[in-house]
Amino acid sequence: MPPPDSPQPSFPPRLILASGSPRRAELLMQIGVPFSSAATAVEEIRQTDESGRDYVLRLAQEKSRAGLALVGDDTTVWSLGADTLGLVDDEVLEKPRDFTDFARMMRLMSGREHSVLTAICLSGSDQSFSDVVETRVRFRTLDRALIEGYWNTGEPRDKAGGYGIQGMGALLVESIHGSYSNVVGLPLETLAGFLQRAGIPYWQFDKRSSGADAGTV
Ligand SMILES: Cc1cn([C@H]2C[C@H](O)[C@@H](COP(=O)(O)OP(=O)(O)OP(=O)(O)O)O2)c(=O)[nH]c1=O
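Everything numeric here is computed off the predicted structure, so don't read it as measured data. (Residues numbered from 1 in each chain as written. Predicted model: local features only at pLDDT ≥ 70, side-chain atom pairs only at ≥ 80, totals over all residues. Heavy atoms only, no water.)

**Notes on the site of the ligand**
The condition that has to hold: Neighbouring residues are identified by heavy atoms, a residue being near a molecule or strand if any of them is within 4 Å of it. Definition of a polar contact: a pair of N or O atoms within 3.5 Å, with one able to donate and the other able to accept a hydrogen when the atoms are protein atoms, and with sequence-neighbouring residues admitted only if both atoms are side-chain atoms. Values of accessible area rely on a 1.4 Å probe in the Shrake-Rupley scheme; residue burial ignores everything except the protein chains shown. The way it works is that DSSP assigns letters per residue, a run of H or I at least four long becomes a helix, a run of E at least two long becomes a strand, and they are numbered from the N terminus. Charged means Asp, Glu, Lys or Arg here, nonpolar means Ala, Val, Leu, Ile, Met, Phe, Trp, Tyr, Cys or Pro, and polar covers whatever is left, Gly included.
The environment of the ligand is formed by 19 residues, the closest being Ser19, Arg24, Lys63, Lys95 and Ile165. Take Lys95: an N or O atom from its side chain is 2.5 Å from an oxygen atom of the ligand. Contact between the ligand and Gln166: an oxygen atom at 2.8 Å from a side-chain N or O atom of the residue. In the complex, the protein chains occlude 93% of the 600 Å² of accessible area that the ligand would expose alone. Taken together, the elements giving at least two residues each to the shell around the ligand come down to helix H1 (22-30), strand S3 (77-88) and helix H5 (180-184). The class makeup of the residues in the shell around the ligand is five nonpolar, six polar and eight charged.

Listed below in structure tokens is the structure:
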């Protein structure tokens, strides 16, 4: 808690989750911060020679700025954007285009470690905080039957790297090193620091009545 005589931010500040990802909304609800959701139309195309880290950071920043642009001149609003991808041997793993692409990714990750990078960016009218968080994930050895069976569940299609650790994808995982929420798409530990720096007093919210209003902007 800040000391009682410290300057208080306008309360409650409005937070926009600039994302259409239900996983990100669920993670934000978990920490009880009120927010509204707004999916953005940021194009996800990696530039030639852009590293995975630079790419994921650029997209999180573009999504965050796009969310802020929706509210015009309102200086009390903050916008949170995020982007997630997998990385193995410098190869960037996004959402699988089709089964062939998915099976290729699974073979790349089978029996070894890969990285999941999530970038988050919290932007206000005159300040912005961003970072890229890395979690190392080790997969079991995956055989063709497991790869095909998992694809047929439908779960892999809209997920970076083609799996959801919060779902049946957990069965592919042997161990993880680092933030779990980062793999799901929003590193809550890093986000907590950003909310504090932005003066969004998440520790004051009444967890019984807040959480997401999950309305749209
Ligand atoms: C690795 C992994 C990814 N994912 C998801 C998180 C993201 O929703 C998705 C990565 O795609 P993103 O392009 O980061 O996000 P998105 O298109 O779903 O949503 P938006 O751009 O509107 O914010 O993969 C999981 O849900 N579980 C996992 O274990």
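**Notes on the pattern of salt bridges**
Put simply, the test is: Any carboxyl oxygen of Asp or Glu within 4 Å of a side-chain nitrogen of Lys or Arg constitutes a salt bridge here. Three labels apply to residues, based on accessible area from a 1.4 Å probe with only protein chains included: buried if under 20% of the type maximum, exposed if over 50%, partly exposed otherwise in between.
Throughout the structure, instances matching the rule amount to 15 salt bridges. Here Arg144 ties to Glu148 by a salt bridge, and the two come within 2.8 Å at their closest N and O atoms. One end of the pair, Arg144, and the other, Glu148, are both in helix H4 (residues 144-152), four residues apart, so they sit about a helical turn from each other. With a relative accessible area of 51%, Arg144 lands in the exposed category. Given a relative accessible area of 32%, Glu148 falls into the partly exposed group. Put simply, Asp158 and Lys159 hold a salt bridge, and the shortest N to O gap is 3.0 Å. Exposure remark for Lys159: the relative accessible area of 12% places this residue in the buried category.

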